[in-house]
Amino acid sequence: TNLTLGPKYAVLKISVRDQYGNPSEASFTFVRLDDPKPPYPRGGNLSGELTMLVPGVPFRVRAERAGYKPWDSEVIRPQPGQTMSINVRFAAAR
């Protein structure tokens, strides 16, 4: 019996900083462009760093934290086996 695996996942590294450059926690929402419903929520941590596996499909990320404007990514298009990094920099809400 052979086991056939699907495509390899990509690695996404997210660095989150506040307006002063300090590590910041955030909550994330991931939305696949090929299947926008439902979005995939994910919590962050106080270290300001998050590493996760993502499928090789186009998606967007929204990062949010109370007291700051939401941060939205451009479309991210990971390739199987690729490691990608994005930097989130929050701006204070007015």
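Thresholds, definitions, all that
As a convention, each chain's residues are numbered from 1 in the sequence order in which they are written. Reporting of local features is limited, given that this is a predicted model, to residues whose pLDDT is at least 70; pairs of side-chain atoms are given and counted only at 80 or more, and all residues count toward the totals for whole chains, interfaces and linings. Side-chain metrics rest on all non-hydrogen atoms present in the structure, leaving aside hydrogens and water. Only DSSP runs of H or I covering at least 4 residues are called helices, and only runs of E covering at least 2 are called strands; the numbering of each starts at the N terminus. When checking whether two residues touch, look at their non-hydrogen atoms; a contact exists if any pair is within 4.5 Å. Among the buried residues, those of types Ala, Val, Leu, Ile, Met, Phe, Trp, Tyr and Cys that are joined through side-chain atoms within 4.5 Å form a nonpolar core. Burial classes follow relative accessibility: with a 1.4 Å probe on protein chains only, a residue under 20% of its type's maximum area counts as buried, one over 50% as exposed, and anything between as partly exposed. Here a cavity denotes grid points, spaced 1 Å and computed from the protein atoms alone, that fit a 1.4 Å probe unable to get out, and a pocket denotes an open set having protein on both sides within 12 Å along at least 5 of 7 lines; residues with an atom within 4 Å of a point are the lining. Grid points are joined across faces, edges and corners, and a volume is the space filled by probe spheres set on the points. Under the scheme applied, nonpolar residues are Ala, Val, Leu, Ile, Met, Phe, Trp, Tyr, Cys and Pro; charged residues are Asp, Glu, Lys and Arg; polar residues are all the others, including Gly. The pairing criterion is simple: DSSP has to find at least two bridges between the two strands.

Caption draft 1: Here's a closer look at the side chain of S24. Within the secondary structure layout, S24 lies in the loop between β1 (10–17) and β2 (27–32). In this structure, S24 is in contact with V16, R17, D18, N45, L46, G48, R65 and F90, ignoring residues within four places of it in sequence.

Caption draft 2: The nonpolar core, seen in detail. Counting residues in hydrophobic clusters, the biggest one holds 20 residues, and the most contacted among them are L12, I14, F28, F30 and F90. Sorting the residues of this core by element identifies β1, β2, β4 (49–54), β5 (59–64) and β7 (83–89) as the ones contributing at least two each. Per-element accounting of this core gives the leading share, four residues, to β1. In contact with F30, not counting residues within four places along its chain, are L12, I14, P39, Y40, R42, M52, F59, R60 and V61.

Caption draft 3: The arrangement of empty space enclosed by the protein in detail. The final tally for this structure, using the stated rule, is one cavity of 30 Å³ or more. Approximately 30 Å³ is the volume attributed to the largest cavity. Around the largest cavity sit V16, S24, E25, A26, F28, G44, N45, G48, E49 and L50, which together line it. By residue class, the composition of the lining of the largest cavity is four nonpolar, four polar and two charged.

Caption draft 4: Local environment of the environment of P55. Its location among the elements puts P55 in the loop between β4 and β5. Residues contacting P55, with those up to four places away along its chain left out, are Y9, R32 and P78.

Caption draft 5: Representation of the pairing of β5. Of the two faces of β5, only the one carrying F59, V61 and A63 is buried; R60, R62 and E64 on the other face are not. Looking at chain direction, β2 and β5 are connected through six bridges and run antiparallel. Residue pairing across strands places F28 opposite A63, the latter belonging to β5. In this structure, β5 lies alongside strand β6 (residues 71–72), joined through two bridges in antiparallel fashion. If you follow R62 over to β6, its bridge partner there is D72. With antiparallel pairing between neighbouring strands as the criterion, β5 and β6 make up a hairpin whose turn holds six residues, including G67 at a positive phi of roughly 90°.

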